[in-house]
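# Observations on chain architecture
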Amino acid sequence: MQTIHSIAELRAALNAERKAGKRIGFVPTMGNLHTGHIQLIHQSNATADITVASIFVNPLQFGENEDLDAYPRTMASDQDKLAAADCDYLFAPNIEEMYPNGQVIQTQVEVPGISDIHCGTTRPGHFRGVATVVCKLFGMVQPDVAIFGEKDFQQLMVIRRMTEDLFLPVEVQGSPIARAENGLALSSRNGYLSAEELAIAPTLNSTIRETVKQITAGRRDYAQLQEEAQDALEAAGFQRDYYSICRRHDLQPPTSTDSELVLLAAAYLGKARLIDNMIIDI
Ligand code: PAF
């Protein structure tokens, strides 16, 4: 695997691959890679001839009081993991390469509506930061296909919408949530959890599964179900963020006739903010 830091070098390498008729797959990440990221690399390898991963901890998508400084930077072990997974190129730009005009007075990509609810309420500006950096990365890598984890369900919707609205010639694929055996969704932020918190963390997923079971069994009192779940999470040691049963196509509250739903949840546990979701087909 070749590690590249500059856009010029990346373009030269990928132009040569494109000229040789290679289809390019892309997996954007912020590093601190776990099995979930490696699953994305495998999916890219299976659908494209060349896989490019990127590692860039994007300041634009972190709020003022969030974990930008604490976010784990583990470049050497990430490189080993990517090489072992047969990734062809790692693109790791620095901040000047990504934001040559600074982070304030520069073009930003806004995907309105969908960016302002759920995670967007708790993290204002987060999805603008994500859409902006992913748009830039798409321009740099010019992939045929890009793969994103479905754990960040709302992020995937924002990126799909941006790609569609801007007519970007990239196929956006989702990849199923990678979980530990106890159900905990794998996340770089799980590293913030103490041993005691790690034992509590799977309750987020078991609570979601319990809510889905109740819906499948016929309950439609969604507001009450949400409240019961929030209480259960608090009793287990979490602090509330949001717990929302939504329509899948627009993430708005469902009516009694909606049948394609998704449950999105986020909750704080110690220093970590954990998110998870589950599809519900009624
Ligand atoms: O999901 C992530 O790791 C990030 O939000 C992404 C898509 C790499 C953009 O910085």
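Right above here is the structure, for reference.
Rules behind the numbers
Residues numbered from 1 in each chain as written. Predicted model: local features only at pLDDT ≥ 70, side-chain atom pairs only at ≥ 80, totals over all residues. Heavy atoms only, no water. Helix = DSSP H or I, 4+ residues; strand = E, 2+ residues; numbered from the N terminus. Polar contact = N/O pair within 3.5 Å; in protein donor to acceptor, adjacent residues only side chain to side chain. Contact = heavy atoms within 4.5 Å. Core = buried A, V, L, I, M, F, W, Y, C linked by side-chain atoms within 4.5 Å. Buried < 20%, exposed > 50% of the residue type's maximum accessible area, 1.4 Å probe, protein only. Pairing = 2+ DSSP bridges. Axes fitted to C-alpha atoms, helices over the stretch in contact; angles between N-to-C directions. Near = heavy atom within 4 Å. Areas by Shrake-Rupley, 256 points an atom, 1.4 Å probe, with all protein chains shown as cover. Salt bridge = Lys/Arg side-chain N within 4 Å of Asp/Glu carboxyl O.

Let us now look at the side chain of Ser188. Mapping Ser188 onto the fold places it in the loop between β6 (171-175) and α8 (195-200). A polar contact of 3.1 Å, which involves the side chain of Ser188, links it to the backbone oxygen of Asn32. The residues contacting Ser188, other than those within four sequence positions of it, are Gly31, Asn32, His34, His37, Tyr71 and Pro72.

Below, the discussion takes up the nonpolar core. Judged by nonpolar contacts, the single largest core of 47 residues is most densely connected at Val52, Phe138 and Leu251. If you tally residues by element for this core, the top one is helix α6 (residues 126-141), at 10 residues. Ignoring sequence-local partners within four residues, the contact set of Phe138 consists of Phe26, Pro143, Ala146, Phe148, Ile159, Met162, Thr163, Leu168, Val170 and Val172. The next biggest cluster of nonpolar side chains, apart from the first, holds 28 residues, and it includes Ala265, Ala267, Ala272 and Leu274.

An order of β7-β8-β9 is seen for the three strands of this open sheet, with the pairing classed as antiparallel. Each of the sheet's edge strands pairs with one partner strand only, and the pair in question is β7 (239-247) and β9 (272-281). Between one strand axis and the next, the sheet turns through 10° on average, direction left out of account. Relative to β9, strand β8 (residues 260-269) runs antiparallel, the two sharing 10 bridges. Across the sheet, residue Ala265 finds its bridge partner in β9, namely Asp276. Helix α9 (residues 203-216) contacts β7, β8 and β9 of the sheet and is inclined by roughly 25° relative to β9.

Whether parallel or antiparallel, the strands of a sheet pair through hydrogen bonds between backbone atoms. The six strands are arranged β1-β4-β3-β2-β5-β6 in an open sheet whose pairing can be described as parallel. The sheet is open, and its two edges are formed by β1 (2-4) and β6, each paired on a single side. Averaged over all pairs of adjacent strands, the angle between strand axes in this sheet comes to 25°, irrespective of strand direction. Where strand β5 (residues 145-149) meets β6, five bridges bridge the pair, whose relative direction is parallel. Note on β6: the bridge partner recorded for Ala146 is Val172. Packing of α6 onto the sheet brings it into contact with β2 (24-29), β3 (50-55), β4 (89-91), β5 and β6, and relative to β2 it is tilted by some 145°.

With that settled, consider the site of the ligand. Near the ligand the following residues occur: Pro28, Thr29, Met30, Gln61, Val133, Val134, Phe148 and Gln155. At 2.6 Å from an oxygen atom of the ligand is found a side-chain nitrogen or oxygen belonging to Gln61. Within the side chain of Gln155, one N or O atom sits 2.7 Å away from an oxygen atom of the ligand. Burial of the ligand by the surrounding chains reaches 88%, relative to a free accessible area of 290 Å².

Tallied over the full model, the rule gives 17 salt bridges. With a closest N to O distance of 2.8 Å, Glu110 and Arg128 form a salt bridge. Linking Glu110 in the loop between α4 (95-98) and α5 (119-122) with Arg128 in helix α6, this pair joins segments that are 18 residues apart in sequence. The partly exposed category is assigned to Arg128, whose relative accessible area is 32%. Where Asp258 meets Arg247, a salt bridge forms, and the shortest distance between an N and an O atom there is 3.8 Å.

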